Structure formats: structure tokens, C-alpha cells
Amino acid sequence: IQRIAVLTSGGDAPGMNAALRAVVLAADHYNIEVIAFRHGYQGLLDNEHVVLEPKDVLHVLQYSGTIIKSARCKLFKEDAAAITAAQNLDALSIDALIVIGGDGSLRGADHLANHWSGQVIGMPGTIDNDLYGTDTTIGYATAVNIAMDALDKIRDTADAMDRVFIVEVMGRYAGFIGLRSAMAAGAERMILPELQKDKPLTVSALVKHIHRVKEIRGEGSYVMVLSEHQWPGGAVALAEQLDAEYDLPCRPCLLGHIQRGGPPAPADRILASELGVHAVELILRGAHRVMAGMRANQCVEVPLNESWEKKNPLTENLLRIQHEIFNPVKKKQRNK
Ligand code: ADP
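Predicted model, so just to flag it, every value in this text is computed and none were measured.

**Structural notes on the site of the ligand**
Here's step 1: Surrounding the ligand, one finds 17 residues, the nearest of these being Gly10, Gly102, Gly104, Ser105 and Gly108.
Here's step 2: Looking at the shell around the ligand, the element that brings in the most residues is helix H4 (residues 103-113), giving 6 residues.
Here's step 3: Here the shell around the ligand is composed, by residue class, of 3 nonpolar, 10 polar and 4 charged.

See below:
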């Protein structure tokens, strides 16, 4: 192995820079050259590449975003695009490619592997934590921190005014950010994809819950965490509905892309560092078409396709605690 390439693709995630740094430092340690393609798969098609040396990644791990840029590239789904990409990689004598991104990006990596003979390694870079084969993804811890921080701030004002708030968080089609931030900030209610799938919450049930909680507590706030895509029109529409149809004043708050910025949490910097080195060492061991992951503090590898075909479930116990134990409405009868 003499030369490898790396790119970041899809939605950016805090810790991507730490991952890049780790790849470059590990490659340097093993005397391997690193070429970065800028702007994800688009850059791979346009041959937009730069050499990355340790000096280029010296002090980047404390920043979110990605210094080599990320992008979406619809065209890459086509066979012709993967063939062009393979030709570009071969023309630069690249032995292996590391793709840092979410499920779409890892699908893209697998697609490329159908048309290229070099080694293809994925790294889980997404705030959504929706990839199988790793306990957590790079960026997830930071997103949860930011959501928790926002929920805490909302709580201050909500409590002062005895208000109902709906805070909409990211997560794509998974409730990981929603569940963990709700637990960390003591939210009264969660609307998560996994819960909505089994038993969709109705507005009337929600209104009943809000009234019951207010009744039990006498006064105070009610803060709800809503995962994106789980209510038609999102937090704004739900708040309007509660206000207009049920005479329940309610304020929406959309966190949006704030969840992807600021200093990455230590857990993300460290996970990214470990997985970046792991990805390079996987290449040295001849691995191909796998994602570098971390399970129970052990570096693991999973077939690329499993990373999106299989699903990590939400932690059952956290769900139970939030939903049953911490739910003032669901009190158990005392044993006689
Ligand atoms: P993320 O990686 O964050 O999930 P996207 O789903 O937008 O982000 O995917 C990022 C990019 O990966 C897409 O713009 C496209 O270039 C590539 N990609 C996604 N799905 C596929 C696929 N099925 N085949 C090939 N490339 C894909």
C-alpha cells in the first residue's frame, strides 16, 4: 500500500475533521500517502483532489464541518459515474479509498466497489446514529449535547411561563438523538419514529397527557421532543394545531443545523480518532468493503451493506424509563 484516498460525503458531522486527521496521521505513521477528494463523490468525479500531509490536519479536530468539504451528488448512483470514479482513482494509482459519511455515502462506497478493484473502507460519520455495526457514529454525541443544551435553555423560559414547548430535533428516520436528549434534559414527552411506527400518537392523546401532567404537578412547563419527519408540518404545525384546535398555547423550536456545529464533543473526537486509525490499519490488513466500527470499546469491521441494511434498536431500557418510570401519569398501584 503506497497511496490511499479519503473523502467526506453527505451530511457533515462533528468529528469528521478528527477522523480525517487520524487517517492522515496513521497513514503518515505507516509511510502511506493520502490524497483527499474535495466535495465528496462530486469531487471524485471532477477529479478535485489535494494531497493531505500531517501539517494540513494539525489543528482541525476541534472544529465541526469538514476541511475537505462535503457534498451530495445524485449522479453518483449511476454505473457510469462509478466507472469514471474508478478510472480517476486508478489514474492516481490509489490502492484504497476511505469514505466518511452516513448511510447514503456508504451505499455509494459499495456502489463504487462494484466497479473498482481497490479496497473500499467506510467510516460512520453522521449525527443520526442510524448505522448498524457500531455502537455510535461520529457526530452523534455532539448532536445530543447540543439538543440537550437547547432543551435546558427552553426549560428555563418554559418553566417561568408555565408553557408547553415542542422542540424538533434531527435524526433522519431514527429516534436516537430524540431519545437521548429527552432523557438527558428530562423532557415530558417524546415523539420518535420508533414509537410512531408501533402506535402513532394522536393529538387528542397528547392533549390529554399535557392536561394530566399539569393537573398532577399543579403548575410548570411541558417540554416535548419531536423527531424530524414525525409530524406533518413538523413542530410549527403541531404547535399551531394545539393552539387553534385545543386552546393550548404552545411554542415550537426548531434546532435544525445548529445540531451539526460548534466544538465536537470529546466522545466524537476520540471515536473519530480511533476509527480513523482503525480504517488505515484495516487497509493494511487487506480488508475490503467493510465499515470500521466500534462495539463495546472494541474496533470491529462490518460488511458495508450491513451498515445500512441492519438497524441498531433504540435502547429498550431508556425508552421504558422515559415512558413509564418518569411519566407521572403512569403510576403503579401500590401492592396491598
Ligand atoms: P448521508 O451519507 O449523510 O446519508 P446522503 O444520503 O445524501 O447522505 O448520501 C450522500 C451521497 O452518497 C449521495 O449524494 C450520493 O452521491 C451517494 N449515494 C447515496 N445513495 C447511493 C446509492 N444508492 N448508490 C450510489 N451512491 C449513493
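After that view, the rundown keeps rolling.
**Topic: the UniProt feature "domain: Phosphofructokinase" (unreviewed entry) in the protein chain**
Here's step 1: Per the UniProt record, "domain: Phosphofructokinase" (unreviewed entry) is found at residues 3-283.
Here's step 2: This span, residues 3-283, is 46% helix and 17% strand, and a straight line between its end C-alpha atoms measures 11 Å.

**A word on helix H10 (residues 266-284)**
Here's step 1: The first and last C-alpha atoms of H10 sit 27 Å apart over 19 residues, in line with the 27 Å expected at 1.5 Å per residue.
Here's step 2: One or two residues past the end of H10 sits Gly286, with phi positive at roughly 90°.

**A word on the sheet that holds strand E3 (residues 49-52)**
Here's step 1: If you trace the 7 strands from one edge of the open sheet to the other, you get E3-E2-E1-E4-E5-E10-E11, paired in mixed fashion. The open sheet terminates on both sides in strands that have one partner only, identified here as E3 and strand E11 (298-303). Between one strand axis and the next, the sheet turns by 30° as a mean value, whatever way the strands run.
Here's step 2: Bridge count for strand E10 (residues 290-295) against E11 is 6 bridges, and the pairing is antiparallel. Among the inter-strand pairings, Arg295 is bridged to a residue of E11, identified as Gln298.
Here's step 3: On top of the sheet, helix H1 (residues 16-29) reaches strand E1 (3-8), strand E2 (33-37), E3, strand E4 (96-101) and strand E5 (119-124); it is set at about 175° to E1, its chief contact.

**What to know about the nonpolar core**
Here's step 1: Counting residues in each nonpolar core, the largest one holds 99 residues, and the members touching the most others are Val6, Ala19, Val23, Ile98, Val167, Met224 and Ala279.
Here's step 2: Of the residues forming this core, the biggest block, 10 residues, is contributed by helix H5 (residues 140-161).
Here's step 3: For Ala279, the residues in contact, after removing those within four places along its chain, are Val23, Ile98, Ile121, Met123 and Ala292.

Calculation criteria
- Within each chain, residue numbers correspond to sequence positions counted from 1 in written order.
- Selection of residues for local features in this predicted model requires a pLDDT of at least 70, selection of side-chain atom pairs for listing and counting requires 80 or more, and totals for whole chains, interfaces and linings are taken over all residues.
- Each residue gets a C-beta atom placed from its backbone. Should that atom fall within 6 Å of a molecule or strand, the residue is termed near it.
- Helix and strand assignments follow DSSP, with helices taken as H or I runs no shorter than four residues and strands as E runs no shorter than two, numbered in order from the N terminus.
- When residues are sorted by character, Ala, Val, Leu, Ile, Met, Phe, Trp, Tyr, Cys and Pro go into the nonpolar class, Asp, Glu, Lys and Arg into the charged class, and all the rest, Gly among them, into the polar class.
- UniProt positions are given in the numbering used here, feature names are shortened, and annotations may be inferred rather than shown by experiment.
- Given a helix with a known number of residues, its expected span is that number minus one, times 1.5 Å.
- For two strands to pair, DSSP has to find at least two bridges joining them.
- To get an axis, a line is fitted to the C-alpha atoms, and for a helix only the part in contact is used. The angle between two axes follows their N-to-C directions and goes from 0 to 180 degrees.
- Here the contact rule is simple: place C-beta atoms from the backbone, and any two residues whose C-beta atoms are within 7 Å are in contact.
- A set of buried Ala, Val, Leu, Ile, Met, Phe, Trp, Tyr and Cys residues, joined through C-beta atoms within 7 Å, is what we mean by a nonpolar core.
- We call a residue exposed when 12 or fewer other C-beta atoms sit within 10 Å of its C-beta, buried when the count reaches 20 or more, and partly exposed for counts in between; the C-beta positions come from the backbone.

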